[in-house]
Structure formats: structure tokens, C-alpha cells
Amino acid sequence: MLRQSFRSVVTTWLTGLLALLPLVLTLALLAWLVSLLNKLVGPSTLIGQLLGALGQHFASNPVLAYLVGTLVLLGSLYPLGLAVQLGLRRPLAWLLDMTLRRAPLIGSLYNLADRFVSLLDRSKNADIAAMSPVWCFFGGDGAAVLALRPSSEAFELDGRPYCAVLVPSAPIPVGGGLIYVPVEWVRPADMGVEGLTSIYLSMGLTLPHQAGKPAKEPAAVVDNRSS
């Protein structure tokens, strides 16, 4: 009886712990991020001193100067984003490709950071969201591949209509091989881009909503002869 009471108390205590654990982990993660940012761009760091020097033109207090410099830096991001939207993205990407990406160690780190940031940048994924998931049957009735069709337009090649399909090799960010196949090989897939992404992320464990008509079972032979 005592053992059962002790087990009941422990079970109830663990239930309360599990209910509170997500909040505790969230607060711990926020505290770690604040501590990390303080070590990277805090007032005592080199970046923090530069921000303080920038804010000294507007405030004499060191702490207030740091805050003003930070606000000035954050405010300068708006005209930068406006310039990128107006056409600076390609020249900036070309400059980074010619400098940072070609450096042996820095290039690898920049590529990793760029792939991570692309997950947060919805504007980069806008073109992907506009694509249509399709089934591509290679050979007309062969292997079925789940792909993306960038455009509904087709073009003629040797008198035969062709269209472009993107066969993903990485789900996030989406990348893969661009293949031009005959139009009759392509059929619409009854899913959105999110469904296609979930299928590739699960390595095929998530089944498509509509993977084709199931094979018909042979009809049972009815013997009409009287016994």
C-alpha cells in the first residue's frame, strides 16, 4: 500500500514536471540566446564599442549611446532591404560569390549560414510555392517521380511538346535536377508544395495523398453450373 502511494505521488510529480518542462526549456533557451548575443555584440565587445562610438554623436551616456547606436544600425537595415528589393540582390550575390564563397574556410561557413537563413527568408521560397507538384512517369508508363513543374507553358523539341520539371534532391531549401520531359509524361499531383516537402523530409515514410489508382483485383470466377 505504501509503495503504491509513493508511486502515485511520483507519477503525479512527473506529470507536473512534464507540463512545466516546455516553459522551462523555452526560458532557458531565451536566456542562452540573450547571453550569446551579449557576448557577441554586448557593450564590452568590439561590435558593441563600435555601436557605442556611433551613438556618441547623439548621447553622452555610454549605455544610452550603445542603445542609440543599435537603433541606428537596425534602422539602416530598412534602406538596405529596399535596395535589395529594387534590384541590388543580384549584384550583391555576385560580389559575395566572387569574395566570400571562394575563400577556403570562410566560404564553407558562409554557405552553411546562407542555407540556414534561406529557411527563414520567405521571399526566396515564393517561387517554389508558385510551382505545381506533378507526377512524372518516365517512359510514359515507367517509374513515377514526384517533382515540381515551374510553369504550365511548353515548347516544341523535334516536333514534340516538352515541359520543365524540377526533381528535388534536397527538400529544404528545395534544389535538384531540372529535366525537360515530354508533356504526356506529366500528370498533376493532388497535393501542395508542403505535402511534397513533407514526403521528401520523411524519406518516403509519408505516403502521398494520391499515388495513382490502385491495381484492380481479378474478378472472382463464378461457377454457374449446378452441382
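Whatever comes next refers back to the structure up there.
For the structure given in this document, a descriptive report is provided here. All chains use their own residue numbering, which begins from 1 and follows the written sequence. Only residues with pLDDT of at least 70 get local features here, since the model is predicted, and only at 80 or more are side-chain atom pairs given and counted; chain-wide, interface and lining totals rely on the full set of residues. Hydrogen atoms and water are omitted, and side-chain values are computed over all heavy atoms in the structure.

1. Considerations on the overall build of the protein
Logical step 1: The helix and strand tally for the protein stands at six helices and six strands.
Logical step 2: If you list the helices and strands of the protein from N to C, you get α-α-α-α-α-β-β-β-β-β-β-α.
Logical step 3: Relative accessibility decides the category of a residue: with a 1.4 Å probe and only protein chains considered, values under 20% of the type maximum give buried, values over 50% give exposed, and everything between is partly exposed. When the 227 residues of the protein are sorted by exposure, 20% land in the buried category.
Logical step 4: Sequence-distant contacts in the protein: of pairs separated by 6 or more residues, those separated by 24 or more amount to 35%. Every helix listed is a DSSP run of H or I at least four residues long, and every strand listed is a run of E at least two residues long, numbered separately from the N terminus. Contacts are assigned to residue pairs that have any heavy atoms within 4.5 Å of one another.

2. Details of the state of the cysteines
A disulfide bridge is the covalent bond that connects two cysteines by way of their sulfur atoms.
Logical step 1: The rule for a disulfide is simple: a pair of cysteine sulfur atoms within 2.5 Å. In the structure shown here, the tally under the stated rule is zero disulfides.
Logical step 2: Cysteine Cys136 remains unbridged, with the sulfur of Cys163 as its closest cysteine sulfur at 7.4 Å.

3. Observations concerning the nonpolar core
Logical step 1: Among the buried residues, those of types Ala, Val, Leu, Ile, Met, Phe, Trp, Tyr and Cys that are joined through side-chain atoms within 4.5 Å form a nonpolar core. With 11 residues, the main nonpolar core is built from Met131, Trp135, Phe137, Leu146, Leu148, Leu166, Ala189, Met191, Val193, Leu196 and Ile199.
Logical step 2: Of all the secondary-structure elements, those providing two or more residues to this core are strand S1 (132–137), strand S2 (144–149) and helix H6 (193–201).
Logical step 3: In terms of residue count, the dominant contributor to this core is H6 (three residues).
Logical step 4: Formed by 10 residues, the second largest nonpolar core is a distinct cluster that contains Ala147, Val167, Val181 and Val186.

4. Some words on the side chain of Arg149
Logical step 1: Checked against the element boundaries, Arg149 lands in strand S2.
Logical step 2: In protein, a polar contact means a hydrogen-donor-capable atom and an acceptor-capable atom, both N or O and within 3.5 Å, with residues adjacent in sequence counting only if both atoms are side-chain atoms; elsewhere, any N or O pair within 3.5 Å suffices. Of the polar contacts made by the side chain of Arg149, one reaches the backbone oxygen of Ser151; its length is 2.9 Å.
Logical step 3: Contacts of Arg149, omitting those with residues within four sequence positions, involve Met131, Ser132, Val134, Cys163, Ala164 and Val186.

5. Points about the pattern of salt bridges
Logical step 1: In the sections that follow, a salt bridge refers to a side-chain nitrogen of Lys or Arg positioned within 4 Å of a carboxyl oxygen of Asp or Glu. Taken as a whole and assessed by the stated rule, the structure comprises one salt bridge.
Logical step 2: With its nearest N and O atoms 2.7 Å apart, the salt bridge here joins Glu184 to Arg160. Remark: Arg160 occurs in strand S4 (residues 160–170) and Glu184 occurs in the loop between strand S5 (175–182) and strand S6 (186–188); sequence separation between them is 24 residues.
Logical step 3: Take Glu184: its relative accessible area is 43%, and that puts it in the partly exposed class.

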